[in-house]
Amino acid sequence: MMEKAEIREVVERQRSYFYTGATLDVAFRREALLQLKRCILRHEEEINEALKKDLGKSASESYMCETGMVLSEISYMLKHIRQFSREKTVWTPLAQFHSRSFKKPSPFGVVLIMSPWNYPFLLTIEPLVDALAAGNTAVVKPSAYSPYTSEVMKTILEECFPDHYVAVVTGGRAENTCLLQEHFDYIFFTGSQAVGKDVMRHAAEHLTPVTLELGGKSPCIVDKTANIRLAAKRIVFGKYLNCGQTCVAPDYIYCDPAVKDRLIAEIKRQIHRQFGMEPLKNPNYGKIINEKHFRRIAGLIDSAKVVSGGGLDMTALRIEPTVMDNVTFEDAVMQEEIFGPVLPVLTYASLDEAISRINSMAHPLALYLFTSSRKNADKVTSQCGYGGGCINDTIIHLATSEMGFGGFGESGMGAYHGKTGFDTFTHYKSIVDKKTWIDLPMRYQPYNHLYDQLVRIFMK
């Protein structure tokens, strides 16, 4: 825990250190990333144990969804950082032919990274990797809801870096408030829309640019041409991963009525295949983060509409993978992002109706479409507004450093991963290097007709 004065001192130390220019050296950045990678590998078992305590994750899931993805991002940055950090020469207009125009990538300075509890390691360390690769210093604020993982990250980052370069601030709302009152050069926030609005309000006081990674009700459209068996298998994986506590989980199924019954039957079968006949006893099935969220999710379950699952274990904070049928957009489960293992199924009269309905709602972070029709795929991906997604799969669009990941509108702003992540934490200075051996007179007063004609020729 840190007091307000301590937090201010950390920010001031980081700003002083940044202005020494130490982080501008690409070799320095590479060494920082290598050091972080080595430290993560040394502490991998502790990371697994912490994620198990916080969220009930198995070691396999922890590596697949958190540690492995962070290591992949570090490897990507190590491979490309020299290229990303180079100045890029661009075309110079004829009127300035004796000049060189170029874009110079420069770090923002001191950045604040505020992360959530659902993927606490991944969503803290991956944006940190991008920020350090771009040459910034960073203050990291992990969630108070995942204390074991926060403690391990604190250990790792303090082992790797002095706090004038990377600092970790633990705690809850009081610390969040103190941090947001400070002047940062960039803020990267992942979490709820409500807190995202608060972050933006505070950032506006200093005109600080922000990236907001939020969430929303991500639809999963299944049309009548879909491979139903494969769709069910992949939907169950994406929906119930981490007990549904994934910002890009399919929030609800929106399907053609002709395939609904067959789809639900296959989803039930896949739940049993992937989690067993008694999921609440499966040691590899996770848990809800805390009692508050357990009660909220349980309150969204309408037992009259449950066709699979619905079982609760309050002591273990576990909710069975649950499917609800005959759901309408007026039901409680459709009024908020579920963020839990409850899957409502709704039907549409036509694909055009589905697109219209989705576009009438808040922009989702993700959208998934299961179809064998290229025409339908093109139509949905062109006409629906959403952050990103998959055709005939779920979740996996965020598992690559070759594409940016992020939302827009109510689901966030900005993106990261790979080159996009480097760009997020970078300001590109536009510079013209003007030569001195010639100085064309046409731009200077007094103007005359000849100069006017020359200007028009040069600027066409």
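The coordinates are above.
Basis of the calculations
Residues numbered from 1 in each chain as written. Predicted model: local features only at pLDDT ≥ 70, side-chain atom pairs only at ≥ 80, totals over all residues. Heavy atoms only, no water. Pairing = 2+ DSSP bridges. Helix = DSSP H or I, 4+ residues; strand = E, 2+ residues; numbered from the N terminus. Contact = heavy atoms within 4.5 Å. Axes fitted to C-alpha atoms, helices over the stretch in contact; angles between N-to-C directions. Salt bridge = Lys/Arg side-chain N within 4 Å of Asp/Glu carboxyl O. Buried < 20%, exposed > 50% of the residue type's maximum accessible area, 1.4 Å probe, protein only. Patch = residues over 30% accessible without salt bridge, like charges linked within 9 Å, V, L, I, M, F, W, Y side chains within 5 Å. Areas by Shrake-Rupley, 256 points an atom, 1.4 Å probe, with all protein chains shown as cover. Right-handed = clockwise from strand over helix to strand, strands pointing away.

Focus on the sheet that holds strand β6 (residues 186-190)
So, point 1. Read across the sheet, six strands follow the order β5-β4-β3-β6-β7-β17 without closing on themselves; strand pairing throughout is mixed. Looking along the sheet, the strands with just one partner apiece sit at the ends: β5 (166-168) and β17 (412-413).
So, point 2. Strands in contact with helix α1 (residues 4-18) are β3 (110-114), β4 (137-141) and β5; relative to β4, the strand with the most contacts, it is inclined by about 155°.

Considering the pattern of salt bridges
So, point 1. Within the structure shown, the criterion is met by 23 salt bridges.
So, point 2. Asp163 is the salt-bridge partner of Arg13, the closest N and O atoms lying 2.6 Å from each other. Of the two residues, Arg13 sits in helix α1 while Asp163 sits in the loop between α6 (147-160) and β5, which places them 150 residues apart along the sequence.
So, point 3. On the basis of relative accessible area, Arg13 is assigned to the partly exposed category, the value being 29%.
So, point 4. Among the residues examined, Asp163 registers a relative accessible area of 34% and is labelled partly exposed.

Remarks on a nonpolar patch on the surface
So, point 1. On the surface, a nonpolar cluster with roughly 380 Å² of combined accessible area is contributed by Leu94, Phe97 and Trp437.
So, point 2. Along the chain, Phe97 turns up in the loop between β1 (88-90) and β2 (99-107).

Considerations on the pairing of strand β7 (residues 210-213)
So, point 1. What you see with β7 is no split at all: Val210 and Leu212 on one side and Thr211 and Glu213 on the other are buried throughout.
So, point 2. Direction of pairing for β6 relative to β7: parallel, over a ladder of four bridges. In the strand pairing of β7, Phe189 is matched with Leu212.
So, point 3. At this point the chain moves from β6, through helix α8 (residues 193-205), to the parallel β7, and the crossover so formed is right-handed.
So, point 4. As defined by bridge partners, β7 adjoins β17 across two bridges and the pair is classed as antiparallel. Along β17, the bridge assignment pairs Leu212 with Met413.

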